[in-house]
Amino acid sequence: MTGHTGGCACGAVRYRVAGPLRPVIACHCTECRRMSGHYAAATACRRECLRLEAAASLRWWSSSADHRRGFCAECGSLLFWEREGTAGTSIFAGTLDQPTGLTLAGHIYTAEKGDYYEIADGLPQAERRDPTLTTQMGEGG
């Protein structure tokens, strides 16, 4: 599916994806849980397919030596995640306008998941990063 749009909660950041999106992956790593309040669900696209239509309040935070996260400085919405050396940008799935046509394909970093929930949907799980899940169409996350 192509031609997706999305943005932050307040509308100060808007984007368009002119290309395919990877299926949604749930990341249960400690960093994603702390940043989002639960696990993070993200899709991804090739970086050149992501077009910012409104970005005055978009800020980037280097969350580690080779990762950065994009968020809205006005409302705090988490929007993007990028890993240095990859060709993709992960997009937090909840920021996409509906309908997305996407489905959840699996879970990564399950070894770090919160102790207050179970993963019981029958989808593939990986204790750490799993390139077979995360590099489908976009090489993000």
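This is a predicted model, so every value here is computed, not measured.

Trainee: I tried to follow the packing of aromatic side chains on my own but got confused; where do I start?
Mentor: The geometry of an aromatic ring pair is captured by the separation of the ring centres together with the interplanar angle, meaning the angle of the planes. Under the definition given, this model contains four aromatic pairs. Ring geometry for Tyr39 against Tyr117: centres 5.8 Å apart, planes inclined by 45°, an arrangement best described as tilted. Taken together, the positions of Tyr39 in the loop between helix H1 (30–36) and strand S4 (40–46) and Tyr117 in the loop between strand S10 (104–108) and helix H2 (131–134) put the pair 78 residues apart, joining distant regions of the chain. Tyr39 sits in the partly exposed class, given a relative accessible area of 29%. The class for Tyr117 is buried, based on a relative accessible area of 10%. Aromatic pair Tyr116 and Tyr117: ring centres 4.9 Å apart, planes at 65°, arrangement edge-to-face. Of the aromatic side chains, those joined through ring pairs into one cluster are Tyr15, Trp60 and Phe80. If you follow Arg68 out to its NZ or CZ, it ends over the ring of Trp60, 3.7 Å from the centre.

Trainee: What is the right way to look at the side chain of Glu82 in this model?
Mentor: By the secondary structure assignment, Glu82 is in strand S8 (residues 78–83). Looking at Glu82, its side chain comes within polar contact range of the side chain of Arg47, at 3.1 Å. Here Arg68 takes part through its side chain, which lies 2.8 Å from a polar atom of the side chain of Glu82. Apart from the residues within four sequence positions on either side, Glu82 is in contact with Arg47, Trp60, Asp66, His67, Arg68, Gly88 and Thr89.

Trainee: Where do I start with the pattern of salt bridges in this structure?
Mentor: If charged atoms from side chains of opposite charge come close, those side chains can pair. Counted under the stated rule, the structure contains eight salt bridges. Between Arg16 and Glu53 there is a salt bridge, and its shortest N-O distance comes to 2.8 Å. Of the two residues, Arg16 is situated in strand S2 (residues 14–17) and Glu53 in strand S5 (residues 50–54); the sequence distance between them amounts to 37 residues. When its relative accessible area of 35% is taken as the criterion, Arg16 is described as partly exposed. A salt bridge links Arg46 to Glu48; its shortest N-O distance comes to 3.2 Å.

Trainee: When you look at the state of the cysteines in this model, what are you seeing that I'm missing?
Mentor: Throughout this description, disulfide means a covalent bond between two cysteine sulfur atoms. Inspection of the entire model under this criterion finds zero disulfides. You can see Cys29 has no disulfide; the closest cysteine sulfur is in Cys27, sitting 3.6 Å from it. For Cys32, which is in no disulfide, the shortest distance to another cysteine sulfur is to Cys29 and amounts to 3.7 Å.

Trainee: What's the story with the sheet that holds S2 in this structure? I'm lost.
Mentor: The pairing of strands in a sheet comes from backbone hydrogen bonds and takes either a parallel or an antiparallel form. The strand order across the open sheet built from three strands is S1-S2-S5, with neighbouring strands paired in antiparallel fashion. At either end of the open sheet lies a strand with only one pairing partner, and these are strand S1 (4–7) and S5. The mean inter-strand angle of the sheet, taken between neighbouring strand axes irrespective of direction, is 25°. Here S1 runs beside S2; their pairing, made up of four bridges, is antiparallel. Each bridged residue has a counterpart across the sheet, and for Gly6 the counterpart in S2 is Tyr15.

Parameters and conventions
- Residues numbered from 1 in each chain as written.
- Predicted model: local features only at pLDDT ≥ 70, side-chain atom pairs only at ≥ 80, totals over all residues.
- Heavy atoms only, no water.
- Phe/Tyr/Trp six-rings, centres within 6.5 Å; stacked < 30°, edge-to-face > 60°.
- Helix = DSSP H or I, 4+ residues; strand = E, 2+ residues; numbered from the N terminus.
- Buried < 20%, exposed > 50% of the residue type's maximum accessible area, 1.4 Å probe, protein only.
- Lys NZ or Arg CZ within 6 Å of the ring centre and 35° of its normal.
- Polar contact = N/O pair within 3.5 Å; in protein donor to acceptor, adjacent residues only side chain to side chain.
- Contact = heavy atoms within 4.5 Å.
- Salt bridge = Lys/Arg side-chain N within 4 Å of Asp/Glu carboxyl O.
- Disulfide = S-S within 2.5 Å.
- Pairing = 2+ DSSP bridges.
- Axes fitted to C-alpha atoms, helices over the stretch in contact; angles between N-to-C directions.

Keep in mind these numbers describe shape, not what the thing actually does.
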